[in-house]
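Commentary on secondary and tertiary structure
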Amino acid sequence: MKEAPEKHPEFDPETYTNPILEECYRIKAEISAQFKTQAEFSAYLQALQEEGKRNGVKYVPYDPSKRTLSEKSEDDD
């Protein structure tokens, strides 16, 4: 159910900007300026991962079959 516009008279949907989305757009623009293709960006990330492994950083493989969904408790209401 939408709220009535009179509850938030200072809100203007035409000029509203979400700061989180703006940050995402800024980061995306920086990455796009640095890397021309997805393959270049992927190779860069792979090189970072290899460098981390050489420096002793351990990566845990993600196994979706071991993921457990938590039951919603009745206290969360």
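Here goes a summary of the coordinates provided. This one's a predicted model, so the numbers in the text were calculated from it and none came from an experiment.

Rules and cut-offs
- Note on numbering: residues in each chain are counted from 1, in written sequence order.
- Local features in this predicted model are restricted to residues of pLDDT 70 or higher, and side-chain atom pairs are both shown and tallied only at a pLDDT of 80 or more, whereas totals for entire chains, interfaces and linings draw on every residue.
- Water and hydrogen atoms play no part in the side-chain values, which are based on all heavy atoms of the structure.
- Only DSSP runs of H or I reaching four residues or more are called helices, and only runs of E reaching two or more are called strands; each is numbered from the N terminus.
- Every helix has an expected span of 1.5 Å times one less than the residues it contains.
- Distance and chemistry together define a polar contact, namely a pair of N or O atoms within 3.5 Å, with one atom able to donate a hydrogen and the other to accept it when in protein, and with adjacent residues in sequence counting only for side-chain atoms on both sides.
- The salt bridge definition used is simple: a Lys or Arg side-chain nitrogen within 4 Å of an Asp or Glu carboxyl oxygen.
- Residue exposure (1.4 Å probe, protein chains only): buried if accessible area is under 20% of the type maximum, exposed if over 50%, otherwise partly exposed.
- What counts as a ring pair is set by centres within 6.5 Å for rings of Phe, Tyr and Trp (its six-membered ring), and what kind of pair is set by the plane angle: stacked under 30 degrees, edge-to-face over 60, tilted for all other angles.

1. Overview of helix α1 (residues 19-34)
Residues spaced three or four apart along an α-helix face the same direction, because each turn holds 3.6 residues. Given a rise of 1.5 Å per residue, 16 residues ought to cover 22 Å, and the 23 Å separating the end C-alpha atoms of α1 matches this to within 8%. The distance from a side-chain oxygen at the start of α1 to the backbone nitrogen of I20 is 2.9 Å, and the residue carrying that oxygen is N18.

2. Brief notes about the pattern of salt bridges
Side-chain pairs of opposite charge can arise where the charged atoms are in close proximity. Taken as a whole and judged by the stated rule, the model has two salt bridges. Between E23 and R26 there is a salt bridge whose closest N-O contact spans 2.5 Å. Of the two residues, E23 and R26 are both situated in helix α1; the distance of three residues between them amounts to about one turn of the helix. For E23, a relative accessible area of 37% translates into the label partly exposed. Between R26 and E30 there is a salt bridge, with the nearest N and O atoms lying 2.4 Å from each other. Of this pair, R26 and E30 both sit in helix α1, four residues apart, which is roughly one turn of the helix.

3. Describing the packing of aromatic side chains
Summed over all chains, the structure comprises two aromatic pairs. On the numbers, 5.3 Å between centres and 55° between planes, the contact of F35 with F41 is tilted. Given the relative accessible area of 12%, F35 is considered buried. Judged by centre distance (5.0 Å) and plane angle (40°), the ring pair of F35 and Y44 falls under tilted.

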